Amino acid sequence: MAGHRQVILRVTDLVVKFGAHAVVDGVNIEIYSGEIRALIGPNGAGKTTLLNAISGIIKPSGGRVVFRGEDITGLPPHLSCRKGIARTFQIPNIMPGLTVQENIWLGINSKSRIPWHPFQEAKKMANVSKDVAVLGELVGLADKLDELAGNLSHGDQKLLEIAMAMSLDGALLLLDEPTQGVSPREIDKFISVIKKLAETKTVLMIEHNMDVVLGISDLVTVLDHGKVIAQNLPAEIVHDERVRQVYLGT
């Protein structure tokens, strides 16, 4: 399924220990450019910790994280972000007192390092405004750009956080349970947005909704007790006996 695509992320023998306990225990994963990879597993499997180690929030106890051929193991989050890794969280990390467009603007501004002040050159400001509009359209919030982020539904707040991650223009998006707490009627919007993201980005997402996993993933990686226990196509992973036992409960 990889075809001629390049490996964009390679995680080798990655270990994260809290005290004597290995929350991530010798994980090996290769993710290809343009792929949608789902990371699933029971609660406590080490999924979020793995994303934290990849993005630099947590420094690994051992192993390597190589992104675009460069060893970024333990690189702080702001530097891994500059390298091209953007991250969302289980609880939306937004500025509730700002409007939707102001939240997106912050991400674009941090990437371009254009000072945000009233005397900014009109051309630069217009370019940023155009980018804000494009991202708002991408995540389905074009009609809510002037609303306060804190007044959005939980689902729209998570979409806004995805737009903010996209505003950093990263090549790899790490999505931590993007549909958690999202109403059933909003799920289709998320599926559509993630598919759009994958047209230009690589996506690694933690996801519990198996309909989403089976519907959009290229490959599924399953963690249990910090170890990869299975990796396969979505249609095959549901028939894996060990996966059924630890994750699906059958």
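In case you missed it, the structure is sitting above this.
Sequence order as written defines the numbering, with residues in each chain counted from 1. For this predicted model, a pLDDT threshold of at least 70 governs which residues receive local features, and a threshold of 80 or more governs which side-chain atom pairs are given and counted, while totals over whole chains, interfaces and linings are taken from all residues. Side-chain calculation: all heavy atoms of the structure are included, whereas hydrogens and water are not.

Caption draft 1: Geometry of the pattern of salt bridges. Counted as salt bridges are all cases of a side-chain nitrogen of Lys or Arg within 4 Å of a carboxyl oxygen of Asp or Glu. For the structure shown, the criterion picks out eight salt bridges. Of the charged contacts in the structure, one is a salt bridge between D71 and R64, with a shortest N-O distance of 3.1 Å. For R64, a relative accessible area of 43% corresponds to the partly exposed category. Two residues, D156 and K189, come together in a salt bridge whose shortest N-O distance is 3.6 Å. Of the two residues, D156 sits in helix α5 (residues 154-167) while K189 sits in helix α6 (residues 184-197), which places them 33 residues apart along the sequence. Note on exposure labels: buried denotes an accessible area under 20% of the residue type's maximum, exposed denotes more than 50%, and partly exposed covers the range between, all computed with a 1.4 Å probe on protein chains only. Going along the chain from the N terminus, every DSSP run of H or I of four or more residues is numbered as a helix, and every run of E of two or more is numbered as a strand.

Caption draft 2: The arrangement of the sheet that holds strand β1 (residues 7-18) in detail. Across the sheet, four strands lie side by side as β2-β1-β4-β5; this open sheet has antiparallel pairing. The open sheet has two free edges, formed respectively by β2 (21-32) and β5 (70-71), since each of these has just one partner strand. Here, strands pair whenever DSSP counts at least two bridges between them.

Caption draft 3: Representation of the nonpolar core within the structure. Only buried Ala, Val, Leu, Ile, Met, Phe, Trp, Tyr and Cys residues count toward a nonpolar core, and they belong to the same one when joined by side-chain atoms within 4.5 Å. Membership of the largest hydrophobic core comes to 47 residues, with the highest contact counts inside it found for I104, L160, L197 and M205. The contact criterion used is simple: two residues touch if any of their non-hydrogen atoms lie within 4.5 Å. Residues contacting I104, with those up to four places away along its chain left out, are V132, L135, G136, L145, L160, A163, M164 and S167. Listed in part, the 26 residues of the second largest apolar core include I31, I54, I72 and L174.

Caption draft 4: A look at unusual backbone geometry. With phi around 55°, R68 is a residue other than glycine that occupies positive phi space. Along the chain, R68 turns up in the loop between β4 (62-67) and β5. Positive phi values are uncommon outside glycine, yet H225 reaches one of about 50°. As for its position among the elements, H225 is in the loop between β9 (219-224) and β10 (227-232).

Caption draft 5: Helix α1 (residues 47-55), seen in detail. By the criterion of burial, α1 is predominantly enclosed, with eight of the nine residues buried. K47, T49, L50, L51, N52, A53, I54 and S55 are the residues of α1 that are buried. Positive phi appears at G56, one or two residues downstream of α1, with a value of about 95°.

Caption draft 6: Local environment of a negative patch on the surface. Patch members must show over 30% relative accessible area and no salt bridge, and they are joined within 9 Å when carrying like charges or within 5 Å when they are nonpolar side chains of Val, Leu, Ile, Met, Phe, Trp or Tyr. Only the protein chains shown count as cover for residues, and the accessible areas themselves come from Shrake-Rupley with a 1.4 Å probe. Residues scored as positive are Lys and Arg, those scored as negative are Asp and Glu, and His as well as the terminal groups of each chain are ignored. Positions of charges follow a simple convention, taking NZ of Lys, CZ of Arg, CG of Asp or CD of Glu. Judged by side-chain charge, E137, D143, D146 and E147 come together as a negatively charged surface patch. Residue placement: E137 occurs in helix α4 (residues 122-138).

Caption draft 7: Up close: the layout of surface pockets. Put simply, the second largest pocket is a space of about 170 Å³. Of all elements in the fold, only α3 (100-112), α4 and α5 reach the threshold of two or more residues within the lining of the second largest pocket. Top contributing element to the lining of the second largest pocket by residue count: α4, with four residues. All residues other than Ala, Val, Leu, Ile, Met, Phe, Trp, Tyr, Cys, Pro, Asp, Glu, Lys and Arg, Gly among them, are scored as polar; the first ten of these are nonpolar and the last four charged. Broken down by class, the residue content of the lining of the second largest pocket amounts to five nonpolar, two polar and four charged. Detection works on a 1 Å grid of protein atoms alone, calling trapped sets that fit a 1.4 Å probe cavities and calling open sets with protein on both sides within 12 Å along at least five of seven lines pockets, with lining residues defined by an atom within 4 Å of a point. Grid points are joined across faces, edges and corners, and a volume is the space filled by probe spheres set on the points.

Caption draft 8: Inspection of the packing of α5 against α6 at higher detail. For helices, the axis comes from a line fit to the C-alpha atoms of the stretch in contact; other axes are also lines fit to C-alpha atoms, and the angle between any two N-to-C directions lies between 0 and 180 degrees. As a packed pair, α5 and α6 sit with axes 11 Å apart at the nearest point and diverge in direction by 10°. With respect to α6, the element α5 is oriented roughly parallel. Residue-level contacts link G155, D156, K158, L159, I162 and M166 of α5 to E186, K189, F190, V193 and L197 of α6. Looking at side-chain class alone, the contact of α5 with α6 contains six nonpolar, one polar and four charged residues. Put simply, angles under 35 degrees are roughly parallel, angles over 145 are roughly antiparallel, angles from 65 to 115 are roughly perpendicular, and the rest are oblique.

Caption draft 9: Representation of the pairing of β4. Where β1 meets β4, five bridges bridge the pair, whose relative direction is antiparallel. When the bridges of β4 are listed, V15 appears paired with G62. As judged from the two bridges shared by β4 and β5, these two strands associate in the antiparallel manner. Looking across to β5, one finds that F67 is bridged to E70. Where β4 folds back onto β5 in an antiparallel hairpin, the turn is made up of two residues, including R68, whose phi is positive at roughly 55°.

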